[in-house]
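Here are the chains, one letter per residue:
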Amino acid sequence: MSKENNNDEIDLMQLFGMIKNAFKSFLKLIISIILFYKKKAILFLILIVSGGATGFFIDQARDSNNSYTQEVIIEPKYNSIKYIYDFVEELEESFKDDAFLNKLGIKPENILDVKEITIKPIVKGTDVLDNLQERYNNKEFFKDVMEAYEEDQLKEEGFRDFYKHHKLVFEFNNDNDYNSEITSSILDYIKSNKYYKGIMSLELKQKSINLERNKKSLQFIDRYLSNINNSPSSDSNDVVIIANESESPTIASLLKRKDVLLELINEQERILALDQEIFSFVYYGDIISKQKKLLNRTILITPLLLIGLVSLFYFSRYLSKAVQNFVKDEE
């Protein structure tokens, strides 16, 4: 037993010895690194100052390169979403055609300040649900369709017409007075499409006719209900027309029909008042300046990068000497 105890004590002593030596080696490494940077303090101070100055000027140059942006949110009408998207996505090529610019009323030299024009849907899950509910007549399976798609997939082209609102972003390189005119000219040109204006005119005409019919029906129901109110002996189940008893409406059904007519009339009046264009504006922002700030990261990154490169150079040289010494010792 005494021999086993001695062996255990020797093993522990060796273990502690190894830990002690490792700790000493680690401390020596830390001290040697500190001494190295202390010895090269002037060099690294120069690197910090020169790197900071370089990073400062880079940040200043980036900050001065502003981006001028205008955001416009629209609500397309009359199934014109695909047309609007295709038109915007082809603008970069269309701008190369002087005849097209002439139609817009834009000078070729002015269009050079246009950096980019993009359009994207404002994704709302409720818009998709409402659209599916309308398309599938309140059937429940559209909920399963929604669960099968992630938000990123809902941004794809196939879902564009599901969303009510879409954001147009106009980016300009410089701040010029004619930038706002370019935006206005492009939006007016989209609205001037003869095909969609024809569809709009026809639908508005039909809505106007239906509105008048619904108002007359509402007036008829109101007159009849008013007569009933003036006749206390009338029963709520009396019919309006005694032509086909199985299909004759009761007062209860007329009240329900009145509610439906009121909803239809309100909706038709809203369309006739607000849907006079291919799209309506939800938000028409001004051109604003957006600085391309990077939170002054370059002023910090540049000195660290220089210090890292110089440190790597000295470490590589030290490692090379260590390998050479090791080879010599082995020989």
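Small disclaimer: the values here were computed from a predicted structure and weren't measured. (Residues numbered from 1 in each chain as written. Predicted model: local features only at pLDDT ≥ 70, side-chain atom pairs only at ≥ 80, totals over all residues. Heavy atoms only, no water.)

Just checking my understanding: could you explain a nonpolar patch on the surface for this structure?
Taken together, the side chains of Phe23, Phe26, Leu27, Ile30, Ile31, Ile34 and Leu35 define a hydrophobic patch exposed on the protein surface, amounting to about 670 Å² of accessible area. Mapping leucine 27 onto the fold places it in helix α1 (residues 2–39). On the basis of relative accessible area, leucine 27 is assigned to the partly exposed category, the value being 38%. (Patch = residues over 30% accessible without salt bridge, like charges linked within 9 Å, V, L, I, M, F, W, Y side chains within 5 Å. Areas by Shrake-Rupley, 256 points an atom, 1.4 Å probe, with all protein chains shown as cover. Salt bridge = Lys/Arg side-chain N within 4 Å of Asp/Glu carboxyl O. Helix = DSSP H or I, 4+ residues; strand = E, 2+ residues; numbered from the N terminus. Buried < 20%, exposed > 50% of the residue type's maximum accessible area, 1.4 Å probe, protein only.)

What's the story with the confidence of the model for the chain in this structure? I'm lost.
Low pLDDT means the predicted atomic positions in that stretch should not be read closely. Mean pLDDT over the chain works out to 78, with 73% of the residues at or above the 70 mark. For the stretch residues 234–246, pLDDT sits under 50, and the model shows 20 contacts to residues farther than four places along the chain or on other chains. (pLDDT = per-residue confidence, 0-100. Contact = heavy atoms within 4.5 Å.)

Got a minute to help me understand the nonpolar core in this structure?
As a rule of thumb, nonpolar side chains are buried together in soluble globular proteins. Grouped together as the largest cluster of nonpolar side chains are 29 residues, with contacts concentrated most on Ile84, Phe95, Ile117, Leu168, Phe170 and Ile186. Tallying contributions element by element places helix α3 (residues 81–89) first for this core, with six residues. Those residues within four positions of isoleucine 84 in sequence are excluded, and the remaining contacts are Ile74, Pro76, Ile119, Ile190 and Phe279. The next biggest cluster of nonpolar side chains, apart from the first, holds ten residues, and it includes Leu211, Ile228, Ile251 and Leu254. (Core = buried A, V, L, I, M, F, W, Y, C linked by side-chain atoms within 4.5 Å.)

What is the right way to read helix α10 (residues 194–229) from this model?
Structurally, the α-helix is built with 3.6 residues per turn, so residues lying three or four positions apart point the same way. Relative to the 52 Å expected for 36 residues at 1.5 Å per residue, α10 spans 52 Å between its end C-alpha atoms, a close match to the ideal helical length. Buried within α10 we find Tyr196, Met200, Leu204, Leu211, Asn214, Leu218, Ile221, Tyr224, Leu225 and Ile228. Packing partners of the buried residues in α10 comprise α3 and α11 (251–274). (Expected span 1.5 Å × (residues − 1).)

Honestly, the pairing of strand β1 (residues 67–76) in this entry has me stumped. Any pointers?
Side chains on a regular strand alternate between the two faces of the sheet. Counting buried positions over the ten residues of β1 gives nine, a clear majority of the element. Across seven bridges, β1 lies against strand β3 (residues 166–172) in antiparallel orientation. The residue bridging isoleucine 74 from the neighbouring strand is histidine 166, located in β3. Bridge count for β1 against strand β4 (residues 279–284) is five bridges, and the pairing is antiparallel. Bridge pairing links proline 76 to phenylalanine 279 in β4. (Pairing = 2+ DSSP bridges.)

Help me understand the packing of α3 against helix α9 (residues 179–191), please; the structure alone is not making it clear to me.
The packing of two helices is summarised by the inter-axis angle and the distance between the axes. Contact geometry of α3 with α9 gives a least axis separation of 11 Å together with a crossing angle of 140°. With respect to α9, the element α3 is oriented oblique. Between α3 and α9 lies a crossing whose hand is right-handed. Taking contact as the criterion, the partners of Tyr83, Ile84 and Phe87 in α3 are, on α9, Ile186, Tyr189 and Ile190. (Axes fitted to C-alpha atoms, helices over the stretch in contact; angles between N-to-C directions. Parallel < 35°, antiparallel > 145°, perpendicular 65-115°, else oblique. Left-handed = near helix turned anticlockwise from the far one by under 90°.)

Which parts of the structure should I look at to understand the pattern of salt bridges?
If charged atoms from side chains of opposite charge come close, those side chains can pair. For the structure on display, the rule yields eight salt bridges. With its nearest N and O atoms 3.1 Å apart, the salt bridge here joins glutamate 267 to arginine 270. Here glutamate 267 pairs with arginine 270, and both are found in helix α11, just three residues apart, close to one helical turn. Given the relative accessible area of 36%, glutamate 267 is considered partly exposed. In this structure, a network of salt bridges that share partners links the residues Glu75, Lys77 and Asp275.

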